[in-house]
Amino acid sequence: MDFSVKDFNVRLRTIRLREAIIAMVICFIINSLFCDFFGIYDPDLEYIFYFVFMILFFIFASFGTRGFKQDFDSLFKGINTFKVIMLAILNMLFAITVSNLLFDPFSSVNAFHMPLANAFHVPLANASMGGGLAFVFELISAVCIAPISEELLFRGVLFNRIKIKKGVFVGMIVSSLLFSLGHFYGPQPLIHVFTSFMFGMLMCVFFLKYDNILMNIAVHLVGNLMLYILDYTPIFSIFQMEPFSMIVGLLALVSLFFIPAYIFYYAVKLK
């Protein structure tokens, strides 16, 4: 990485793939020693701490840069906040609807036809059965740690470096494919891999459009948070009632066309 570069987002582009790989290996070793020292042998907790150490690497890599505050402030400009929330909602509906259609192709197109627990399974989902503390760790992992570490790694570094060397389309496909393979879990892993791949492509386009990794993190975070709200609160049953179910169903249909069109249009326009 080039520490002479002072712009936050440009510094991300200077992190080389080999440097990221070395950092991942070092974080793995540190995490193993850390967990052994404190007697932590739960794979889920080890997963959390590993990505915490990866986030610390990115904090180190961005040390001395400028622009973070401006990028953060831009998140809360009315139009950007609206874009983040709407993109998170449409992507969530796209993923759930595609999962429903592939899981049961003869069912009606209803975003909430199938319980979310069957459509998605995030890391640590079983931990919520172990008590309140485990659920807190699960929530922190899926809603905070995963969005930050995954966006920094897959879009901030991997997509950026492949884009520079091989071009935008290759960068989008390779980084999104590797991102999706890390989501091979749950009762329908292939469906989850497909929807994760589409999300990865969407985030690459979003990053190209705004050059602000914090906006990517925000979309990822809001999307994961909404899934947890739907899964663990009574709001899920409310959305199954009229007229909400009709509105959600319409938005789900819109998402099926909007998400692929958004990816294709801006991938061509911004290449």
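Note that the structure is a prediction, hence the values are computed from the model and not measured.

What follows is about the overall build of the protein. Of regular secondary structure, the protein possesses 12 helices and zero strands. Listed N to C, the secondary structure of the protein is α-α-α-α-α-α-α-α-α-α-α-α in terms of helices and strands. For the protein, with 271 residues in total, the buried portion stands at 47%. Residue pairs at least 24 apart in sequence account for 72% of intrachain contacts in the protein once pairs closer than 6 positions are excluded. Total accessible area computed for the protein in this model is approximately 13600 Å², and 74% of it derives from carbon and sulfur atoms.

Moving on, we get to the packing of aromatic side chains. Counted according to the given criterion, the structure contains 16 aromatic pairs. Here the aromatic rings of Tyr47 and Phe51 are separated by 5.1 Å at their centres, their planes lie at 65°, and the arrangement is edge-to-face. Within this pair, Tyr47 and its partner Phe51 are both found in helix α3 (residues 43–61), separated by four residues, close to a single helical turn. Judged by its relative accessible area of 24%, Tyr47 falls in the partly exposed class. Where Phe179 meets Phe199, the ring centres are 6.2 Å apart and the plane angle is 40°; that geometry is what we call tilted. Within this pair, whereas Phe179 is found in helix α8 (residues 168–181), its partner Phe199 is found in helix α9 (residues 189–210), the two being separated by 20 residues in sequence. Accessibility classification places Phe179 together with Phe199 in one group, the buried group. In textbook terms, an aromatic cluster arises when at least three aromatic residues are bridged by ring pairs, as seen for Phe34, Phe37, Phe38, Phe49 and Phe53.

As a further point, take the nonpolar core. Ile15, Phe58, Met172, Leu202, Phe206, Val219 and Ile263 are the most contacted members of the largest nonpolar core, which totals 63 residues. Aside from chain neighbours lying at most four places away, what touches Leu202 is Leu87, Asn91, Ile259, Tyr262 and Ile263.

Let us now look at the pattern of salt bridges. Counted by the stated rule, this structure contains four salt bridges. Among the salt bridges present, the one from Asp211 reaches Arg13, with a minimum N-O distance of 2.9 Å. On the criterion of sequence distance, the pair formed by Asp211 in the loop between α9 and α10 (213–232) and Arg13 in helix α1 (residues 8–13) is long-range, its members being 198 residues apart. Residues Arg16 and Glu19 are paired through a salt bridge, measuring 4.0 Å at the closest nitrogen-oxygen approach. Residue class for Arg16 comes out partly exposed when judged on its relative accessible area of 34%. The partly exposed category is assigned to Glu19, whose relative accessible area is 23%.

A word on the packing of α9 against helix α12 (residues 244–270). Look at α9 against α12: their axes get within 9 Å of each other, and the N-to-C directions meet at 40°. It follows that α9 is oblique to α12 by the angle criterion. Considering the relative orientation of α9 and α12, their crossing is left-handed. Of the residues in α12, those touching α9 at Met198, Met201, Leu202, Val205, Phe206, Leu208 and Lys209 are Ile259, Pro260, Tyr262, Ile263, Tyr266, Ala267 and Leu270. Looking at the contact of α9 with α12 residue by residue, the class counts come to 13 nonpolar, no polar and one charged.

Here we come to the confidence of the model for the protein. Close reading of the predicted structure is inappropriate where its pLDDT is low. Here the protein averages 83 in pLDDT, and 86% of its residues register 70 or above. Of all helices and strands in the protein, the one with the weakest mean pLDDT is helix α6 (residues 116–119) (40), whereas α8 scores best (94). With pLDDT under 50 throughout, residues 108–130 is counted as low confidence; its partners more than four residues away or in other chains account for 67 contacts.

The phi dihedral of Asp211 falls on the positive side, at around 50°, and the residue is not glycine. Looking at Asp211, the relative accessible area reads 30%, which means it is partly exposed.

On to the packing of α8 against α9. Viewed as axis vectors pointing N to C, α8 and α9 meet at an angle of 140°, and their least axial separation amounts to 8 Å. Put simply, α8 runs oblique to α9. The handedness of the crossing between α8 and α9 is right-handed. In this structure, α8 uses Val168, Met172, Ile173, Ser175, Ser176, Leu177, Phe179 and Ser180 to contact α9, whose residues at the interface are Val193, Ser196, Phe197, Phe199, Gly200, Met201, Cys204, Val205 and Leu208.

What follows deals with the side chain of Asn91. Tracing the backbone through its elements, the reader meets Asn91 in helix α5 (residues 78–103). If near-sequence neighbours (up to four positions away) are discounted, Asn91 is found in contact with Phe199, Leu202 and Ile259.

Side chains of Leu17, Ile21, Val25, Phe28, Ile29 and Leu33 sit close together on the surface and give an oily, nonpolar patch of about 570 Å² of accessible area. Looking at where Leu33 falls in the secondary structure, it is placed in helix α2 (residues 17–37).

Further remarks concern α8. Its 14 residues give α8 an end-to-end C-alpha distance of 20 Å, which sits within 8% of 20 Å, the value for a rise of 1.5 Å per residue. Among the residues of α8, Val168, Gly171, Met172, Ser175, Ser176, Phe179 and Ser180 are the ones counted as buried. Buried residues of α8, seen end-on, are gathered within an arc of 140° and therefore sit on one face of the element.

Conventions and cut-offs
- Residues numbered from 1 in each chain as written.
- Predicted model: local features only at pLDDT ≥ 70, side-chain atom pairs only at ≥ 80, totals over all residues.
- Heavy atoms only, no water.
- Helix = DSSP H or I, 4+ residues; strand = E, 2+ residues; numbered from the N terminus.
- Buried < 20%, exposed > 50% of the residue type's maximum accessible area, 1.4 Å probe, protein only.
- Contact = heavy atoms within 4.5 Å.
- Areas by Shrake-Rupley, 256 points an atom, 1.4 Å probe, with all protein chains shown as cover.
- Phe/Tyr/Trp six-rings, centres within 6.5 Å; stacked < 30°, edge-to-face > 60°.
- Core = buried A, V, L, I, M, F, W, Y, C linked by side-chain atoms within 4.5 Å.
- Salt bridge = Lys/Arg side-chain N within 4 Å of Asp/Glu carboxyl O.
- Axes fitted to C-alpha atoms, helices over the stretch in contact; angles between N-to-C directions.
- Parallel < 35°, antiparallel > 145°, perpendicular 65-115°, else oblique.
- Left-handed = near helix turned anticlockwise from the far one by under 90°.
- Nonpolar A, V, L, I, M, F, W, Y, C, P; charged D, E, K, R; others polar.
- pLDDT = per-residue confidence, 0-100.
- Patch = residues over 30% accessible without salt bridge, like charges linked within 9 Å, V, L, I, M, F, W, Y side chains within 5 Å.
- Expected span 1.5 Å × (residues − 1).
- Arc of directions from axis to C-beta.

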